[in-house]
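The residues making up each chain are set out below.
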Amino acid sequence: MAAVQWRSRDRDYDAELQRCRSEVTTVEFGDYHPLKPIMVTDTKTRRGTRKGSTSSSSSSSSSVPADPLSSMLDGTDPLSMFAAASASEASIMSRSASAGDLGRKKRENEEVSVGADFEPWSSKRGEILTRFTTTEKLSINLFMGSEKAPSPGSSAVSEKVRTRLEELDDLEEGSQAWGSDQKVKALKIVIQCSKLLSDTSVIQFYPSKFVLITDILDTFGGLVYDRIWTMCSDPRPLPESFTVDDVSDTAKETCLNWFFKIASIRELLPRLYVETAILKCNRFLNKTGIQETLPRLTAMIRGIGDPLVAAYTRAYLCRVGIEVAPHLKDSLDRNFFDLLSTFRQISGESVRSQLVVQRVEIPEYLTLYSPAISWILQCIAHRAPEHLLTEMMERCKKLGNNALLLNSVMRAFRPEFVAARATDFIGMIKDCDETGFPKHLLFGSLGRSLACADPPESERLTILNEAWKVITKVRSPQDYIICAEIWVEFTCRHFTKREVNTVLADIIKHMTPDRAFEDAYSQLQSVIRKILTYFHDFSILFSMERFLPFLDMFQKDSVRVEVCRSIMEVFIKHQVDLTRDPVILNAMLHICKAMHDSVNALTLEDEKRSLSLLIIGFIRMVSFGRDFEQQLSFCVEARATFCNLEPVLVQLIHTVNRLAMETRRVMKGNHSRKTAAFVRACAAYSFITIPSLSSIFSRLNLYLLSGQVALANQCLSQADAFLKAAVSVLPEVPRSISIEGKLRSSENFLLDFVNNFLATLLVIPDHPEHGVLYLVRGLLNMVQDYTWEENSDAKMRVYVSALPLLAAMSQETYIYSVPKVDSNETLYGGDPKFLSEINKLSETLIGQVLDHLKTLGREEQYVRRQSTMAFSLFSVLLAHGDLRNNKLSQLAVNLWNLSHKHGHCETRISVRTLEHIKHQAQQPDLTHLTDTVQRLMLQSRT
């Protein structure tokens, strides 16, 4: 291709802008609009509509165009189709469901009838298994056949124990005995399991043993119920609320057979447990079977001598009873009153001698009753009227305010009932005997209720004082903090910072000696969370004298950071107004510094990012109003404090840049000597801080942004320094960068930056000592020397991008400018020498691109890249070049032909380009394009 003679075409930007404005048309209300929602209805209501109709109702306008999705689906909304298909599938599935599944589903539905507000047993069993453990050896002797145990010397004992344990595993894991039709064998296994509940030799483990064995009983009861249900479900399943008349004779006979087998069990305890497990099966026999059986089983439990065994037997009966017959509360009440009558046995001689043998203290023994009593009381108290609590309190008084019972009552009844009688409960707690059950545990239970419901306002201070008198005397730091943590919420909920500060002081007093706080971090964290829940005004929170000393107890790094993080999250969420309060700022700086100082070489990047976001949230909330110097001083302090977190430093630079622009806004662009010095100080802050950043693109972008801010504030030398620094950093850009742990090419990021940089250079005036276009030349020289990827077109893309900048620089009036800053249009005023320099540089760039195109043309594998690059250069010549010049016009035609030579150019784009040129040719100053467009031909891909 011949040598190029570049000349930019003259542009009238205002006229071009007017031509580009879209026509404004008014849209009548109700007319079709692309964002107007198109409503569709279910397919069931649309079967009669004609094809392509999209109206959602009879009132829809017929002028609305058809929705393409609906028309393709014969007016059917795809979501409705899927819903209909799902409904059809569900119908088929329901018809083919097994009878066993139906029985299970029925059982689940009836459990739901208890109420969603009823805490199920499943949520308690895990806590019991975790809490009641033992290191003692457990002796489990299970045997078949004779009721008499073999002698200890028998060699068959160990074998039979192993066999029985294997059978237990079978029942729990796959119900193999049941599945192979060995129903009697399964029953015997369950009987042997139930017998284990009479053994209290390792008494500390008894609640957990109860949980494990009753799980097996529940499985057995479910299997029996499902078997009988299946026998009733042929040919059609039983209705949801079946009656005895719907049950077949065969099913009734099978059900009776099960009850007869259980009735023949000679020992009381297994007979009770196994019959309770299949209690629900009474529904197959008669209407009132469950109602008649519950009182009988309740009375039978009176024959159990051990009070602990009896208590858990009653708990299991209540557990099954509340599931199968939640409306039969009378039996539950009777169960509880029978339990009360056994309380005297707890202090009896037989129990005491047993505890001596097992070396168990009375307080520990009493806690074993808690799960059973709590469950029974929960069943009784569920949706019970308020007067029942009054009755329970009277019974507690008659029993001498038994602490164990009183504790269970407070935890079982609705918190609002307990809160209304808080003063009465405090009086009862005072009268309790503390030897068996410490009073602080009772106050803990009362505090849980008061955290959920409010006592009478006039009694709140008295309640707090009475409770804290007891809590503060607790000697064990662990017991103290458990109770104190509960009552902190009551204090925060109803009192001011004065009372909360007093509570914090008391906690510090108890937990500081011997560094007791190290074993109570979870409770101390809970205290912080509760305070933050009720105190969102941080000026009040940090004015508490003991709050920061309380935070000092968190001396484990991970815990301290977690606490500081929780405080910051609440601050960012609830601090709506910007603040300059010195109390808040000092405290938050202290907290943020604790988070920052936790960062080390081993800290994960995600953790650094998370901490940085919290600190940034705090920085954004700090504002000193018009006191800009104080704001800058804060940023200087913050830079020193958070120097190890790069995102925070980036935010500080943005903050200072925004501060400079806010100063410009206040001064309306007319800086005084003082404000001019201040914005230069802001520029100095950024210039000093940016080099400390490790991210190369953060440095580049901030140099460019800070240079733009300096230029807007008429700080020309500072802007010049920023841009020169950016150019000098370019060679440091690596070929690849890590993004989310993966190495990616940095080429696209670098090209984006260079394009932004070029756009800024239009308004940067040349330095009088450095020659014409020194920054443009400096940038292009860096691009020339940069080590690009092999076979990359990036350098040429930069050259093509630079041509519009040079064309814009040659205009008499620039497309944009900076107020009160004289750019090159003013400095040179269309000087021919200046224009000559621009044209020479442009011709050099075009020559470089043309040479590159020739190189690409030598290899067949690069023809697609050649086509793309040729079309890019053609577009630039068309938009910015003066095509009245014959050589430039011919070059444009040659580039067009080259881009279409191998059929790689998008035909759609080519057609639209030709249409655009024809449209441009209609403008008076662009009529010469008519000749050019006639020379541009579309070539076939073939």
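Residues numbered from 1 in each chain as written. Predicted model: local features only at pLDDT ≥ 70, side-chain atom pairs only at ≥ 80, totals over all residues. Heavy atoms only, no water.

1. Observations regarding the overall build of the chain
No. 1: In terms of helices and strands, the chain carries 46 helices and two strands.
No. 2: Scored against the burial criterion, the 942 residues of the chain give a buried share of 49%.
No. 3: Restricting the contact set of the chain to residue pairs at least 6 apart, pairs at least 24 apart contribute 73%.
No. 4: Accessible area of the chain: about 48000 Å², with a carbon and sulfur share of 51%. (Helix = DSSP H or I, 4+ residues; strand = E, 2+ residues; numbered from the N terminus. Buried < 20%, exposed > 50% of the residue type's maximum accessible area, 1.4 Å probe, protein only. Contact = heavy atoms within 4.5 Å. Areas by Shrake-Rupley, 256 points an atom, 1.4 Å probe, with all protein chains shown as cover.)

2. Observations regarding unusual backbone geometry
No. 1: Not every positive phi belongs to a glycine, and Lys-668 is a case in point at roughly 55°.
No. 2: The topology assignment puts Lys-668 in the loop between helix H34 (646-666) and helix H35 (673-689).
No. 3: Here Leu-773, not a glycine, exhibits a phi torsion of approximately 55°, which is positive.

3. Re helix H36 (residues 696-712)
No. 1: Between its first and last C-alpha, H36 extends 24 Å over 17 residues, near the 24 Å set by a 1.5 Å rise per residue.
No. 2: Most of H36 sits inside the fold, with 13 of its 17 residues counted as buried. (Expected span 1.5 Å × (residues − 1).)

4. Concerning the confidence of the model for the chain
No. 1: Per-residue pLDDT for the chain averages 83, and the proportion of residues at 70 or more is 84%.
No. 2: Below pLDDT 50 for its whole length, residues 43-78 participates in 33 contacts with residues either more than four positions away or in separate chains.
No. 3: Within the model, the stretch residues 80-112 combines pLDDT values under 50 with 32 contacts to residues more than four positions away or in other chains. (pLDDT = per-residue confidence, 0-100.)

5. What about helix H10 (residues 249-263)?
For the α-helix, the turn length of 3.6 residues means that residues three or four positions removed from each other point alike.
No. 1: Helix length check: H10, at 15 residues, gives a terminal C-alpha distance of 21 Å against a target of 21 Å (1.5 Å per residue), a fit within 8%.
No. 2: Those residues of H10 that sit buried are Ala-251, Thr-254, Cys-255, Trp-258, Phe-259 and Ile-262. For H10, the arc enclosing every buried residue in end-on projection is 135°, short of the 170-degree limit, so these residues lie on one face. Residues Asp-249, Glu-253, Phe-260 and Ala-263 are exposed on H10 and point more than 90 degrees away from its buried face. (Arc of directions from axis to C-beta.)

6. So, the side chain of His-671
No. 1: Within the fold, His-671 resides in the loop between H34 and H35.
No. 2: Looking at His-671, its side chain comes within polar contact range of the side chain of Thr-675, at 3.1 Å.
No. 3: Those residues in contact with His-671 that sit more than four places away from it in its chain are Thr-663, Arg-664, Ala-676, Val-679, Asn-713 and Gln-714. (Polar contact = N/O pair within 3.5 Å; in protein donor to acceptor, adjacent residues only side chain to side chain.)

7. Overview of the environment of Ile-591
No. 1: Take Ile-591: it is sitting in helix H31 (residues 582-597).
No. 2: For Ile-591 and Cys-564, which are 27 residues apart along the polypeptide, the C-alpha to C-alpha distance reads 5.8 Å.
No. 3: Filtering out sequence-adjacent residues up to four positions away, Ile-591 remains in contact with Phe-542, Leu-551, Cys-564, Ile-567 and Met-568.

8. A closer look at the packing of helix H11 (residues 268-277) against helix H13 (residues 307-324)
No. 1: One can describe the packing of H11 onto H13 by two numbers: an axis separation of 9 Å at closest approach and a directional angle of 15°. In this view, H11 runs roughly parallel relative to H13, as classed from their interaxial angle. Considering how the two elements wind past one another, H11 and H13 form a crossing that is left-handed. The residues of H13 that touch H11, namely those facing Leu-269, Leu-272, Tyr-273, Thr-276 and Ala-277, are Val-309, Tyr-312, Thr-313, Tyr-316, Leu-317 and Val-320. (Axes fitted to C-alpha atoms, helices over the stretch in contact; angles between N-to-C directions. Parallel < 35°, antiparallel > 145°, perpendicular 65-115°, else oblique. Left-handed = near helix turned anticlockwise from the far one by under 90°.)

9. Re the nonpolar core
No. 1: Counting residues in each nonpolar core, the largest one holds 291 residues, and the members touching the most others are Phe-284, Leu-446, Trp-487, Ile-507 and Phe-618.
No. 2: Apart from residues no more than four positions distant in its own chain, Phe-284 is found in contact with Tyr-225, Ile-228, Trp-229, Cys-232, Leu-238, Phe-242, Val-244, Val-247, Lys-252 and Cys-255. (Core = buried A, V, L, I, M, F, W, Y, C linked by side-chain atoms within 4.5 Å.)

10. Description of the packing of aromatic side chains
No. 1: Across all of its chains, the model carries 36 aromatic pairs by this definition.
No. 2: Look at Trp-229 and Phe-242: their rings are 5.7 Å apart centre to centre, the planes differ by 75°, and that puts the pair in the edge-to-face class. Of this pair, Trp-229 sits in helix H9 (residues 206-232) while Phe-242 sits in the loop between H9 and H10, and the two are 13 residues apart along the sequence.
No. 3: Given a relative accessible area of 2%, Trp-229 falls into the buried group.
No. 4: Relative to Phe-554, the ring of Phe-550 has its centre 6.0 Å away and its plane inclined at 70°; by these criteria the two rings are edge-to-face.
No. 5: Overall, Phe-554 belongs to the buried group, its relative accessible area being 1%.
No. 6: What links up through ring pairs into an aromatic cluster is the set Phe-118, Trp-121, Tyr-206, Phe-210, Tyr-273, Tyr-312, Tyr-316 and Trp-375.
No. 7: One residue, Lys-261, lies across the ring of Trp-258, its end atom 5.0 Å from the ring centre.
No. 8: In this structure, Lys-280 packs its charged tip against the face of Tyr-225, placed 4.6 Å from the ring centre. (Phe/Tyr/Trp six-rings, centres within 6.5 Å; stacked < 30°, edge-to-face > 60°. Lys NZ or Arg CZ within 6 Å of the ring centre and 35° of its normal.)

11. With respect to the pattern of salt bridges
No. 1: Throughout the structure, instances matching the rule amount to 30 salt bridges.
No. 2: With a shortest N-O distance of 3.4 Å, Glu-485 and Lys-530 are connected by a salt bridge. A residue pair is termed long-range when its members are at least 10 positions apart, and Glu-485 in helix H25 (residues 477-494) and Lys-530 in helix H27 (residues 521-534) qualify at 45 residues.
No. 3: Residue class for Glu-485 comes out buried when judged on its relative accessible area of 17%.
No. 4: Here Lys-530 falls in the buried class, since its relative accessible area comes to 15%.
No. 5: Across the pair Lys-593 and Asp-597 runs a salt bridge whose closest N-O atoms are separated by 2.7 Å. Of the two residues, Lys-593 and Asp-597 are both situated in helix H31; the distance of four residues between them amounts to about one turn of the helix.
No. 6: When salt bridges with common partners are traced through the structure, they connect Arg-7, Asp-882 and Arg-884 into a single cluster. (Salt bridge = Lys/Arg side-chain N within 4 Å of Asp/Glu carboxyl O.)

12. Section: the pairing of strand S2 (residues 742-745)
No. 1: Where strand S1 (residues 736-739) meets S2, four bridges bridge the pair, whose relative direction is antiparallel. When the bridges of S2 are listed, Ser-736 appears paired with Ser-745.
No. 2: As consecutive antiparallel partners, S1 and S2 are separated by two residues, and within that stretch Glu-740 has a phi angle of approximately 55°, a positive value. (Pairing = 2+ DSSP bridges.)

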